[in-house]
Amino acid sequence: MVLGVAGGIAAYKAVEVCRRLVDAGVHVAPVLTADAQRFVGAVTFSAVASEPARTSLWDAPEPIPHTHLGQSADLIVVAPATANVIGKYAAGISDDLLTATLLATRAPVLVCPAMHTEMWEHVAVQENIATLRRRGVHVLEPEAGRLAGGDVGAGRLAEPGVIAETALALLAGGIGALTGVSVLVTAGGTREAIDPVRFVGNRSSGKMGHAVAREAARRGARVTLVTTTTPVAPIAGEIVPVESADAMHEAVMAHAAGADVVVMAAAVADFRPKAVADQKLKKGDGVPEVVLEPTIDILSALGRAKRPGQFLVGFAAETESVVEHAAAKLRAKNVDLMVANDVAAEDSGFEVDTNRAVLLDSTGRALELPLMGKDALAGLILDRVADAVAKKEPQQA
Ligand code: C5P
């Protein structure tokens, strides 16, 4: 991957983008414009990237670095992309190594603009962005926030983590098993209100569902994550925050019809207080009696509404007879793949980063997995999903 860095104050954030991508196993070749080097030295990128940073058409070891870079890249990311580079790219001007490389490639390009609000909103810049989009260039919109000099407004470079995740999703685009597949994931434990300040909850952190959502996006899926907890690391997808089982049910049902795959990793409450007090319950009024009623079983509702070709993944958190209970749930809820785990074990289940799971499928096959990180388990679950999606495709054709 070529990481193009243009001359804006956000150039320092590109170092973080570079580091994250290298950590994810990407070979990153940085290309800095002359002005980028006024903000960050080429040595910094050379130290973090997979190969030394290039800065010029003329002093690289190879005679025609732009064609070499453009032809060998699987993806070019420009972060930050200044109004100047965007303008030159849109106009087809190639007066330095970065702009020449952009014209010399057929690889996908991700442009991450960063500039002052006035510049970002200028009609010239907006028209150039529209031109690039029309040509198939991916644009990661800048965020609103604090800008150089203390101003506040639209134009701040997207977060480095989001840029890296988007780049990984685009890299998976050609070969990813989930390219174009729409995946709906739920995560976290629901909170069922007793009164305006108290709730009935559970110990789920949401880590497992977040790992599935992140990995699905990295494999090129269009991801919607309905979650009760905020992911600690970025996820390239739509995030729908919810709190209660009812709100999760509503959000899931609104998105389920358009989803090819639904992964219900959330720990949804089975019961909720029947009546929610309008005001905070007072200690002086004595010990309240909280009467519970069942919530809607979202997974069962999804199982009933499942359309042909849709793939449904459920989770079964058990404390005993894990496989038997999970197999019964798989049948009862019309699920295609059940991820069963023993939440009584210390290294598995709630709050920790590892999980020990059994994968049960609708043919009755049970695959017992060793203790592994939730990221690795997410990968194995999505391998199964990808297999199922690939098998479905010939029937559709
Ligand atoms: O039957 P049990 O609640 O143990 O099944 C767990 C699975 O069902 C999980 O995938 C969980 O997300 C889902 N579930 C649900 N709605 C509920 C309870 C559980 O979708 N009200």
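Scoring rules and cut-offs
- Residue positions are given per chain, counted from 1 along the sequence in the order it is written.
- For this predicted model, a pLDDT threshold of at least 70 governs which residues receive local features, and a threshold of 80 or more governs which side-chain atom pairs are given and counted, while totals over whole chains, interfaces and linings are taken from all residues.
- Hydrogens and waters are ignored; side-chain quantities use all the structure's heavy atoms.
- Secondary structure counts use DSSP, requiring at least four H or I residues in a row for a helix and at least two E residues in a row for a strand, with both numbered from the N terminus.
- When accessible area is computed with a 1.4 Å probe and restricted to protein chains, residues below 20% of their type maximum are described as buried, those above 50% as exposed, and intermediate ones as partly exposed.
- The criterion used for residue contact is that any of the two residues' heavy atoms lie within 4.5 Å.
- Computed with a 1.4 Å probe, the accessible areas rest on the Shrake-Rupley method; for each residue, only the protein chains presented here act as cover.
- Axis definition: a line fitted to C-alpha atoms, over the contacting stretch in the case of helices. Angles run 0 to 180 degrees between N-to-C directions.
- Relative orientations are named as follows: roughly parallel for angles under 35 degrees, roughly antiparallel for angles over 145 degrees, roughly perpendicular for angles from 65 to 115 degrees, and oblique for any other angle.
- Should the near helix be turned anticlockwise from the far one by less than a right angle, the crossing is termed left-handed; should it be turned clockwise, right-handed.
- Throughout, the ten residues Ala, Val, Leu, Ile, Met, Phe, Trp, Tyr, Cys and Pro are labelled nonpolar, Asp, Glu, Lys and Arg are labelled charged, and all others, Gly among them, are labelled polar.
- In this description, a nonpolar core means a group of buried Ala, Val, Leu, Ile, Met, Phe, Trp, Tyr and Cys residues linked to one another through side-chain atoms lying within 4.5 Å.
- We define a salt bridge as a contact between a side-chain nitrogen of Lys or Arg and a carboxyl oxygen of Asp or Glu at a distance within 4 Å.
- Strands were regarded as paired on the criterion that DSSP finds at least two bridges between them.
- Per the annotation, domain bounds derive from an automatic or database assignment of domains.
- Two parts placed together each lose some accessible area under a 1.4 Å probe, and adding up what both lose gives the buried area.
- Proximity criterion: a residue is near a molecule or strand once any of its heavy atoms comes within 4 Å of it.
- In protein, a polar contact means a hydrogen-donor-capable atom and an acceptor-capable atom, both N or O and within 3.5 Å, with residues adjacent in sequence counting only if both atoms are side-chain atoms; elsewhere, any N or O pair within 3.5 Å suffices.
- Cavities and pockets are found on a 1 Å grid laid over the protein atoms alone: a cavity is a set of points where a 1.4 Å probe fits but cannot escape, a pocket is an open set with protein on both sides within 12 Å along at least five of seven lines, and a lining residue has an atom within 4 Å of such a point.
- Molecule-in-pocket calls rest on the fraction of atoms, with more than half required to lie within 2 Å of the cavity or pocket grid points.
- Grid points are joined across faces, edges and corners, and a volume is the space filled by probe spheres set on the points.
- Handedness of a crossover: with both strands directed away from the viewer, a clockwise path from the first strand across the helix to the second marks it as right-handed.

A. Seen up close, the overall build of the chain. Along the backbone of the chain there are 14 helices and 21 strands. Dimensions along the principal axes, computed over C-alpha positions, put the chain at roughly 75 × 55 × 40 Å. Across the 397 residues in the chain, those meeting the buried criterion constitute 50%. Here the contacts in the chain between residues at least 6 apart in sequence split such that 63% fall between residues at least 24 apart. Carbon together with sulfur atoms contributes 53% to the accessible area of the chain, which is approximately 18900 Å² in total.

B. Seen up close, the packing of helix α1 (residues 11-23) against helix α9 (residues 160-172). As a packed pair, α1 and α9 sit with axes 9 Å apart at the nearest point and diverge in direction by 45°. Between α1 and α9, the interaxial angle falls into the category oblique. Our pair here, α1 against α9, has a crossing hand that is right-handed. The segment α1 lies against α9, with Lys13, Glu16, Val17, Arg20 and Leu21 engaging Pro160, Gly161, Ile163, Ala164, Ala167 and Leu168. Counted by class, the contact of α1 with α9 contains seven nonpolar, one polar and three charged residues.

C. Summary view of the nonpolar core. Among the nonpolar cores identified, the biggest contains 34 residues, and Val313 and Ile381 are the most heavily contacted of them. Broken down by secondary-structure element, the contributors of at least two residues to this core are β8 (182-187), α10 (207-218), β11 (222-227), β13 (261-264), β16 (311-318), β17 (337-342), β19 (357-361) and α14 (374-396). In terms of residues, this core owes the most to one element, α14, which gives seven residues. Leu3, Ala10, Ala36 and Leu140 belong to the second largest nonpolar core, which has 33 residues in total.

D. Structural context of the pattern of salt bridges. If you walk through the whole model with that rule in mind, you get 22 salt bridges. Arginine 219 is the partner of glutamate 215 in a salt bridge, and the nearest nitrogen-oxygen pair spans 2.9 Å. In this structure arginine 219 comes out as buried when scored by relative accessible area, which is 15%. Of the charged contacts in the structure, one is a salt bridge between aspartate 361 and arginine 365, with a shortest N-O distance of 3.3 Å. When salt bridges with common partners are traced through the structure, they connect Glu16, Arg19, Arg20 and Asp23 into a single cluster.

E. Quick look at the sheet that holds β17. If you trace the eight strands from one edge of the open sheet to the other, you get β12-β11-β8-β13-β16-β17-β19-β20, paired in mixed fashion. The open sheet is flanked by β12 (238-241) and β20 (366-368), the only strands paired with a single partner. Between one strand axis and the next, the sheet turns through 15° on average, direction left out of account. Contacts between helix α11 (residues 245-256) and the sheet are confined to β8, β11 and β12, with β8 contributing the most and set at about 175° to the helix.

F. Local environment of the domain arrangement of the chain. We note that the domain assignment places domain 1 (2-172) and domain 2 (177-391) within the chain. Averaged C-alpha coordinates put domain 1 and domain 2 at centres separated by 37 Å. Listed per partner, the contact involves eight residues of domain 1 and eight residues of domain 2. Here domain 1 meets domain 2 over a buried area of about 630 Å², counting both sides, of which 59% is carbon and sulfur. Of all residues in domain 1, the largest losses of buried area upon contact with domain 2 belong to Glu165, Ala169 and Ala172, amounting jointly to 66% of the total for that side.

G. Here's a closer look at the site of the ligand. Around the ligand lies a shell of 14 residues, among which Met264, Ala266, Leu299, Phe315 and Lys329 are the nearest. Isoleucine 298 has a polar backbone atom sitting 3.0 Å from a nitrogen atom of the ligand. Here an oxygen atom of the ligand sits 2.8 Å away from a polar atom, N or O, in the main chain of phenylalanine 315. Notes on the ligand: free accessible area 440 Å², of which the protein chains cover 88%. The cavity where the ligand resides is the largest pocket.

H. How the structure looks around the layout of surface pockets. Computed from the structure, the largest pocket encloses a volume of approximately 840 Å³. What lines the largest pocket is a set of 38 residues, among which Ala266, Ala267, Val268, Phe315 and Ala317 lie closest to the centre. Broken down by secondary-structure element, the contributors of at least two residues to the lining of the largest pocket are α10, α12 (298-305) and β16. Along the lines of polarity and charge, the residues of the lining of the largest pocket split into 19 nonpolar, twelve polar and seven charged.

I. Structural detail: the pairing of strand β2 (residues 29-32). Side chains Ala29 and Val31 of β2 all project onto a buried face; the interleaved residues Pro30 and Leu32 project onto the opposite face, where all are buried too. Bridge count for strand β1 (residues 2-5) against β2 is four bridges, and the pairing is parallel. In the strand pairing of β2, valine 2 is matched with alanine 29. With α1 bridging β1 and its parallel neighbour β2, the resulting β-α-β unit is right-handed.

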